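Here are the chains, one letter per residue:
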Amino acid sequence: KKSMEQRVRQLASGAGLLFTRAVQFTEEKLGQAEKTELDVTFENLLLRADATKLWTEKIFRQTEVLLQPNPSARIEEFLYEKLDMKAPSRLTNAELLGQYMQDAGKEFGLDSPYGNTLMIVGDCESRLGAAERDFIQTSAISFLSPLRNFLEGDWRTISKERRLLENLRLDLDSCKARVKKAKQAEAKAAVSASLNCYLHWLYFSQAEHELRLAQTEFDRQAEVTRLLLEGISSTHVNHLRCLHEFVEAQAAFYKQCHHQMQELQKELGRLPNAFSLNSAYAETNPAPSSDDLHSPAESDTLKIEEVQAPATGTRKAKVLYDYDAADSSELSLLADELITVYTVPGMDSDWLIGERGNQKGKVPVTYLELLS
């Protein structure tokens, strides 16, 4: 029975406290009560913490989208994580494409140019997909996890202490209001009967005592909250380190992809090309890089502006790969575009003169498919 009475009293006390805070909050909003203002430094810490939470959340969500564009897959991974279960292994899009290409190559036959090329490209796509998988795993551990830990750990603690500080601030201001009213009532009762004056003095003394307690609790909580807010600086340092790791992982991933595609281009350049008139040359001479093709000696002797197209012997050519000109004597190319080409006396057999409108320059033979 005594335990039940204590529970009822505790419940009533809690309800009374909530009501007092609600009244104080409402009067502040209506401009009928004074509000204790925090110092400027504290306010700046609050603003920086809010900005950190806002942008960390946005960066975290968008990084998730970058690493896994499929929303259904993200929801599935989230559920497995919350259930503390390991998510099933999932092929990346590139790995799935590579698998389809290789299956198609087997279906069409490795002895056919198309089937053989499908096998080669499919193998490259599978390697790209594996590299993407490694990049996703690395980024999730080194970048996403620290951001998630902040949002689900440190920020929740900060939010909890801030709510407690706000409640204690409402209690403090409510006590200040009661002291102010008690002081006014005591002043009015000073001219009345001594008993009435004594009662008002007791009420005023109790209100002052409650104010001192409320002020002490508020100051203590303000210090706790301040320390947590100042810890945001350490959070920034940690996130900066994680950002560097993310950039390094991303750079390594793209570098690996670039290398794989360059090797694929070279390997395809070695294959017989059924629709190209210069397939025999491409079979024994892989498509070199722009650095390998550039000949400084030839650039110095051949003046492109003086070269004139012959009356006969010009041909159309389709560009097979993008090519960046190494100097002003060369012509940059875009894959799949059509250009006019021809040879000039004394020119290296690896090169042709290409024209596109008013533009003219040397172009590498192995980057072209000569058309009849």
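All chains use their own residue numbering, which begins from 1 and follows the written sequence. It should be noted that, the model being predicted, local features are given only for residues of pLDDT at least 70 and side-chain atom pairs only at 80 or more, the latter also being counted only at that level, while totals for whole chains, interfaces and linings use all residues. Computation of side-chain values covers all heavy atoms of the structure but excludes hydrogens and water.

Naming follows an unreviewed UniProt entry, where the chain appears as Endophilin-B1 of Gouania willdenowi. UniProt positions are given in the numbering used here, feature names are shortened, and annotations may be inferred rather than shown by experiment. Within the UniProt record for the chain, the comment given under Sequence similarities (unreviewed entry) is "Belongs to the endophilin family."

(A) Structural detail: a nonpolar patch on the surface. For patch building, the residue pool is restricted to those with more than 30% relative accessible area and no salt bridge; the joining distance is 9 Å between like charges and 5 Å between nonpolar side chains (Val, Leu, Ile, Met, Phe, Trp, Tyr). Accessibility throughout is a Shrake-Rupley quantity obtained with a 1.4 Å probe, and a residue counts as covered only by protein chains that appear here. Salt bridge criterion: a side-chain nitrogen from Lys or Arg within 4 Å of a carboxyl oxygen from Asp or Glu. Side chains of L54, W55 and I59 sit close together on the surface and give an oily, nonpolar patch of about 300 Å² of accessible area. Helical segments are the DSSP runs of H or I of at least four residues, strand segments are the runs of E of at least two, and each set is numbered from the N terminus. Mapped onto the elements of the fold, W55 is located in helix α2 (residues 40–67).

(B) Broad picture of the packing of aromatic side chains. Stacked, edge-to-face and tilted are the three classes for Phe, Tyr and Trp ring pairs, Trp counted by its six-membered ring, which pair at centre distances within 6.5 Å; planes under 30 degrees apart are stacked, over 60 edge-to-face, the rest tilted. Counting across every chain of the model gives 8 aromatic pairs. With a centroid separation of 5.0 Å and 5° between ring planes, the pair formed by F135 and F253 is classed as stacked. Taken as a pair, F135 in helix α5 (residues 113–189) and F253 in helix α7 (residues 232–270) lie far apart in primary sequence, 118 residues in all. Among the residues examined, F253 registers a relative accessible area of 11% and is labelled buried. When the ring of Y323 is compared with that of Y367, the centres are 5.3 Å apart and the planes differ by 65°; the resulting orientation is edge-to-face. Separated by 44 residues along the polypeptide, Y323 in the loop between β1 (315–319) and β2 (338–342) and Y367 in the loop between β4 (359–364) and β5 (368–370) bring together distant segments of the chain. One aromatic cluster is present, formed by F135, F143, F246, F253 and Y254 through successive ring pairs. Remark: a charge is flagged as sitting over a ring if the NZ atom of Lys or the CZ atom of Arg is within 6 Å of the ring centre and within 35 degrees of the ring normal. Residue placement shows K58 over the ring face of W55; its charged tip is 4.6 Å from the ring centre. K362 extends its terminal NZ or CZ atom over the ring of W351, reaching a point 4.7 Å from the ring centre. With a 1.4 Å probe rolled over the protein chains alone, any residue whose accessible area is under 20% of its type maximum counts as buried; one over 50% counts as exposed, and the rest are partly exposed.

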